[in-house]
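Structural characterization, general
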Amino acid sequence: MTSSSGASPRVVLGVCGGIAAYKAVEVCRRLVDAGVHVTPVLTASATKFVTPLTFSALASEPALTELFDGPEAIPHTRLGQQADLVLVAPATARLIGAYAAGISSDLLTATLLATRAPVLVAPAMHTEMWEHPAVQENLATLRRRGVGVIGPEEGRLAGGDVGAGRLAAPEAIVAAVLERLGPIDTSSASSLAGTTVVVTAGGTREPIDPVRFLGNRSSGKMGHAVAAEAARRGAHVILVTTASAGVPDGVEVVRVETAQQMADAVLAVAPRAGIVVMAAAVADFRPRSVAGTKLKKADGVPEIVLERTPDILAALGAAKPEGQVLVGFAAETHEVCANAAAKLAAKHVDLMVANDVTAPGAGFEVDTNRAVLLDSAGRVDEQPLMTKAALAAVILDRISKEQQ
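Below or above, wherever it landed, is the structure these notes cover. Here the structure is a predicted model, which is why all the values come from computation and not from measurement.

**Describing the overall build of the protein chain**
Within the protein chain, the regular secondary structure consists of 13 helices and 21 strands. For the protein chain, the C-alpha atoms occupy an extent of roughly 75 × 60 × 35 Å along the three principal directions. For the protein chain, the residues scored as buried account for 49% of the 404 residues in total. Sequence-distant contacts in the protein chain: of pairs separated by 6 or more residues, those separated by 24 or more amount to 65%. Per element, the accessible surface of the protein chain, about 18600 Å² overall, is 52% carbon and sulfur. Positive and negative charge centroids in the protein chain, built from 36 and 41 side chains respectively, lie 2 Å apart.

Printed below as a string of structure tokens:
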């Protein structure tokens, strides 16, 4: 199947605290390999056994752990509405009881109560807990409500005991998920094979002296997400970035710092690219002269004269080869659509991705974004709040339509 957006089916992978949590890492990997978009949600207890970073490295987007302290005001609502299936593996007795009773105490239980998607739970616990009447009654309640239960196996348990309650094998859990999802359209996995994609990311730093610089708050997360999604689709990706965040294997990385360095790097490789995505926040101005030594307070307030930096997007638009798709980004604070449309026309861009950086969850240094996509034909598509990984998929889906 595909999700309602036409992309890969979306599965929320809930992980509870228990020794079997380490097996959820393999479940996550196998689901991603099968073409599933996986969003991990870990309980506080789960993080005692496995780290969110482990799941973030393997999943389709960063692992989530908090209901109230993250960038989104209501993350459970987004997760519940966008999910095609919710899987909890391992599911502890506590989670099963809370879910059956309709009690929301963390991000995972809130997501379970906020979704209308199918739910599968894979219990794991000690034999005595598994056989307790309360646990079995709670499971019976969930089954009556349509929740699928992937029963545990018999085998070696924590502490050396042997009995029922061992988490089902990862391959069995994944098989149950794929059976419920149905056939998965994996055509996007190779949709960019043979295509060179150039992506820029991060905010440039324009030096004032050896210590200070003019910069911005861009983290590079959006550009890195686009690069990762393009690589997943089989493209040869050249990522020109100022950010230190990791990148998937196979992505060619060019590290830069200033706008001029980024211009030199991008303009050198863009002519052979089928797609260029300018996600970086490039400085518009730089100091005309750079002090050779650190400026001292004792010398008074320095007078810094600014000059324009190279307009990389305009240069790319002016020299765009036939058939190349050029994507620009517009980080705005007001009149988002009007400013983005003017930028799109002035710089001969095929697709502009604009966002209000003052909006909650849509600015710099967060894992989510709320964007508007504008194209040269005058279409304007407003996107809901979503992770930057999900937005990257939307952007590349839209680019595919531009190429048709």
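**Digging into the sheet that holds strand β17 (residues 351-356)**
Here eight strands make up an open sheet; going across it, the order is β12-β11-β8-β13-β16-β17-β19-β20 and the pairing mixed. Strands with a single pairing partner mark the edges of an open sheet, and in this sheet they are β12 (252-255) and β20 (380-382). Direction aside, the axes of adjacent strands within the sheet are offset by 15° on average. The strands touched by helix α12 (residues 336-346) within the sheet are β16 (325-332), β17, β19 (371-375) and β20, with β17 carrying the most contacts at an inclination of about 150°.

**Structural notes on the pattern of salt bridges**
What the rule picks out here adds up to 16 salt bridges. We note a salt bridge from arginine 30 to glutamate 26, for which the minimum N-O separation is 2.9 Å. Here the residue arginine 30 and the residue glutamate 26 both occupy positions in helix α1 (residues 21-33), the gap between them amounting to four residues, near one helical turn. Classification of glutamate 26 by relative accessible area gives partly exposed; the value is 25%. Arginine 232 is paired through a salt bridge with glutamate 229; the nearest N and O atoms lie 2.9 Å apart. Residue arginine 232 and its partner glutamate 229 are located together in helix α9 (residues 221-232), separated by three residues, close to a single helical turn. For arginine 232, a relative accessible area of 35% translates into the label partly exposed. By relative accessible area, glutamate 229 is classed as buried at 11%.

Cut-off values and rules
Residues numbered from 1 in each chain as written. Predicted model: local features only at pLDDT ≥ 70, side-chain atom pairs only at ≥ 80, totals over all residues. Heavy atoms only, no water. Helix = DSSP H or I, 4+ residues; strand = E, 2+ residues; numbered from the N terminus. Buried < 20%, exposed > 50% of the residue type's maximum accessible area, 1.4 Å probe, protein only. Contact = heavy atoms within 4.5 Å. Areas by Shrake-Rupley, 256 points an atom, 1.4 Å probe, with all protein chains shown as cover. Lys, Arg positive; Asp, Glu negative; His and termini not counted. Charge placed at Lys NZ, Arg CZ, Asp CG, Glu CD. Pairing = 2+ DSSP bridges. Axes fitted to C-alpha atoms, helices over the stretch in contact; angles between N-to-C directions. Salt bridge = Lys/Arg side-chain N within 4 Å of Asp/Glu carboxyl O.

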